[in-house]
Amino acid sequence: MRWSGQELGVEQLGALPGLAKLNNLVRSVQTPEFAGVTFHEVLAKSALNRVPGRSAMPFGWTINPYRGCTHACTYCFARPTHTYLDLDAGDDFDRQIIVKVNVAEVLRGELAKPSWRHDPVALGTNTDPYQRAEGRYALMPGVIEALASSGTPLSILTKGTLLRRDLPLLVDAAELVPVDLAMSIAIYDDELQRSVEPGTPSTKARLATVTAVREAGLDCAVFLMPILPFLTDSRAHLDEALRSVKAAGGTTVLYTALYLRGGVKPWFMQWLERAHPELVPKYRSMYFGTNAYAPKAYRHWLSQRIQPLIRAHGLERGREDPATGGVRSSAPARRPVFGGAAAARVGTVSAGLELPDTLGLPPDPSALF
């Protein structure tokens, strides 16, 4: 669905030099509903992305209907993908959004090829397929229908409450293929959430979406990530987070500490300098130089703190897909080519691998650095 009746009537072709690389650009559109945001509609040449695996799994498959994201999360690891188009990983990522308007049509053609093996496909592992623009473009129903009708298992990770719109479609899809859903809800302090993730639905609204998924009869994992050192790693915050997840009906919980790859680190640190300047030295110590991961000692400390809380709230730790980073599909590792009969839905696997505990760590992580 295009921006009928909403555009300003000014196409902006060529306004950004990097978009010359998009020889499939249809038009660029602005609308008062999204002040300061430009949507660049393109005709995608492909829909399925093959992602190299990081473990015994040789690879995974993803679909990204959008590039860039108006959720504007300061920590989003996908920000550097915008630099390919000579756009910056900061403000441009939040405001220059690429929309693959024909993604469902292209996907149907790819899934119909005899070479397609019906491996699980993940959505939401790069940019969010249920960001606000999806309410107007409505790309996801066609994607879900194409995957399910072809016998292809799918998983969705999102911060978007618009997922509720497609729950009837997802329930129908689950009659044909394994469907695995997850909500990303990292921050359980309203003021901090609005500061770090200014374009996202509230934590309360996302928890309500978890409940809606469960009431529809589907499982829903919750990604408690990233955990922000010295901001969301206190016992009180984690306890409240896990209590809320359990009350909402979350079936499993996944967590990890903040990851700051190269193109993301400067943007996040600018936010930190504005919002919490007192923490800048600690973060520089943790994420020094080109280091993108929190130190191993901190990750072990976090594991020791959160795992007893997960168990205390009657939750289980879920598992990420080793290739895509999304929720792990409940489909078998290898599936036969889909025939005429619908595949039975496979039960969710929720047992997870746990980091080893490090004994004797202090109650305050600042003592580690």
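Described in the following lines is the structure provided in the data block. (Residues numbered from 1 in each chain as written. Predicted model: local features only at pLDDT ≥ 70, side-chain atom pairs only at ≥ 80, totals over all residues. Heavy atoms only, no water.)

## Some thoughts on the overall build of the protein
Per the secondary structure count, the protein includes eleven helices and twelve strands. Counting the 369 residues in the protein, one finds 54% classified as buried. Considering only intrachain contacts with a sequence separation of at least 6, the fraction spanning at least 24 residues in the protein is 76%. In the structure as shown, the protein presents an accessible area of about 15700 Å², 54% of it carried by carbon and sulfur atoms. (Helix = DSSP H or I, 4+ residues; strand = E, 2+ residues; numbered from the N terminus. Buried < 20%, exposed > 50% of the residue type's maximum accessible area, 1.4 Å probe, protein only. Contact = heavy atoms within 4.5 Å. Areas by Shrake-Rupley, 256 points an atom, 1.4 Å probe, with all protein chains shown as cover.)

## Focus on the pattern of salt bridges
Under the criterion given, the structure shown has eleven salt bridges. A salt bridge links Glu-273 to Arg-284; the shortest N-O distance between them is 3.2 Å. Placement of the pair is Glu-273 in helix H9 (residues 265–275) and Arg-284 in helix H10 (residues 280–286), with a sequence separation of eleven residues. Here the residues in one salt-bridge network are Glu-134, Arg-165 and Asp-166, joined through shared partners. (Salt bridge = Lys/Arg side-chain N within 4 Å of Asp/Glu carboxyl O.)

## Points about the packing of helix H8 (residues 235–248) against helix H11 (residues 296–312)
At a minimum axis separation of 10 Å, H8 and H11 run at an interaxial angle of 35°. Handedness of the crossing formed by H8 with H11: right-handed. Along the contact surface, H8 presents Arg-235, Leu-238, Asp-239 and Leu-242, while H11 presents Leu-302, Arg-305, Ile-306, Leu-309 and Ile-310. Its residues placed into classes, the contact of H8 with H11 shows six nonpolar, no polar and three charged. (Axes fitted to C-alpha atoms, helices over the stretch in contact; angles between N-to-C directions. Left-handed = near helix turned anticlockwise from the far one by under 90°. Nonpolar A, V, L, I, M, F, W, Y, C, P; charged D, E, K, R; others polar.)

## A few points about the packing of helix H7 (residues 203–215) against H8
Two elements in contact, H7 and H8, have axes separated by 8 Å at closest approach and are oriented at 30°. Of the residues in H8, those in contact with Leu-207, Val-210, Thr-211 and Arg-214 of H7 are Ser-244, Val-245 and Ala-248. Per-class residue counts for the contact of H7 with H8 are four nonpolar, two polar and one charged.

## Re the packing of aromatic side chains
Tallying each qualifying case throughout the model produces ten aromatic pairs. Relative to Trp-116, the ring of Trp-61 lies with its centre 5.3 Å away and its plane at 75°, an arrangement referred to as edge-to-face. Taken together, the residues Trp-61 in strand E4 (residues 59–63) and Trp-116 in the loop between helix H2 (103–111) and strand E7 (121–123) connect sequence positions 55 residues apart. By the burial criterion, Trp-61 is buried, and Trp-116 matches it. An aromatic cluster of three or more residues is present, and its members are Phe-230, Phe-268, Trp-271, Tyr-283 and Tyr-287. In this arrangement the basic side chain of Arg-132 is found over the ring face of Phe-34, its NZ or CZ atom lying 4.0 Å from the centre. (Phe/Tyr/Trp six-rings, centres within 6.5 Å; stacked < 30°, edge-to-face > 60°. Lys NZ or Arg CZ within 6 Å of the ring centre and 35° of its normal.)

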